[in-house]
Amino acid sequence: MKNNIIGLFLLLCTLNIQSVSAQRHYRPEISVGVKFGTNLSNTTFQPKVQERLLLGYMGGLSFRYIEEKHFGFIVEANFSQQGWKEDFENEPYRFSRKMNYIQIPFMSHIFFGNKFFRGFVNLGPQVGFFISDSYKSNFDINNPPTFTSSNRETQQYTMPVANKVDYGITAGAGLEFRILRSSFLLESRYYFGLGDFFKNRKKDYFATSSNKNILIALSYMFRVR
């Protein structure tokens, strides 16, 4: 299953590169902008870890190239907080781990509407570079308490991030309101990570440790051409 998704990731990279070449025959519209939003993230662990969604923040820069026939591409450079928050059910414990990344999505941009109001869909591969992490806990992670659930995983509390490059597929949809050269955008986006941030060899504890998150963001873009 994961090999099939990685194949899709590579296919999206190829299609996006081909779309750039195809657009050379059209007069382009080029815009640059900024965005800010929130992440609701968790992690795919195997063995499974009981989780809730973790709230984080993101912000960054955008470059958009579109043509006259409702198609273009977007490249972004974003700072993003993601990770996981554990669910202890009725026990009085708390633990969350937040990981900071620089993320670069490269997405096809399909839009429809008129010169004032548009709907759009974005889809493409994304690469992230880990820069730091932090955790919050009300117990000693090096000597965790005896939990009610006997099968609760605890290895993830102290394991370092081993793989500093993250990659996956991102897709989203939103609305754009245009005034002269300015655009205001509201977008919701989902990211599905294909890489593991912990070591995943046969002798390692976690076979899977990949990022997932839902992004809700506001953007401002200015058309420079």
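Here, the structure is the one placed above.
Residues numbered from 1 in each chain as written. Predicted model: local features only at pLDDT ≥ 70, side-chain atom pairs only at ≥ 80, totals over all residues. Heavy atoms only, no water.

Some points on the environment of A162
Now for step 1: With respect to the helices, strands and loops of the structure, A162 is situated in the loop between β6 (117–137) and β7 (165–179).
Now for step 2: For A162, a relative accessible area of 32% puts it in the partly exposed group.
Now for step 3: Once the C-alpha coordinates of A162 and F198 are considered, the two residues, 36 residues apart in sequence, prove to be 5.2 Å apart.
Now for step 4: Contact partners of A162, with chain neighbours within four places excluded, come to F197, F198 and K199. (Helix = DSSP H or I, 4+ residues; strand = E, 2+ residues; numbered from the N terminus. Buried < 20%, exposed > 50% of the residue type's maximum accessible area, 1.4 Å probe, protein only. Contact = heavy atoms within 4.5 Å.)

Side note on the packing of aromatic side chains
Now for step 1: On inspection of all chains with the given rule, the structure shows 25 aromatic pairs.
Now for step 2: Look at W84 and F95: their rings are 6.3 Å apart centre to centre, the planes differ by 45°, and that puts the pair in the tilted class. Highlighted residues: W84 in strand β4 (residues 71–86) and F95 in strand β5 (residues 95–113), separated in sequence by eleven residues. In this structure, W84 and F95 share a single accessibility class: buried.
Now for step 3: Ring plane angle 35° and centroid distance 5.6 Å describe the contact between F88 and F147, whose orientation is recorded as tilted. (Phe/Tyr/Trp six-rings, centres within 6.5 Å; stacked < 30°, edge-to-face > 60°.)

Some remarks on the side chain of D166
Now for step 1: With respect to the helices and strands, D166 occurs in strand β7.
Now for step 2: Looking at D166, the relative accessible area reads 4%, which means it is buried.
Now for step 3: Among the polar contacts made by the side chain of D166, one reaches the side chain of Y191 at a distance of 2.8 Å.
Now for step 4: When neighbours within four sequence positions are excluded, D166 is seen to be in contact with Q82, Y101, Q126, V127, G128, Y191, G195 and N211. (Polar contact = N/O pair within 3.5 Å; in protein donor to acceptor, adjacent residues only side chain to side chain.)

Quick word on the pattern of salt bridges
Now for step 1: Inspection of the entire model under this criterion finds eleven salt bridges.
Now for step 2: Between E187 and K35 there is a salt bridge, with the nearest N and O atoms lying 3.6 Å from each other. Placement of the pair is E187 in strand β8 (residues 182–193) and K35 in strand β1 (residues 29–46), with a sequence separation of 152 residues.
Now for step 3: Judged by its relative accessible area of 8%, E187 falls in the buried class.
Now for step 4: Classification of K35 by relative accessible area gives buried; the value is 4%. (Salt bridge = Lys/Arg side-chain N within 4 Å of Asp/Glu carboxyl O.)

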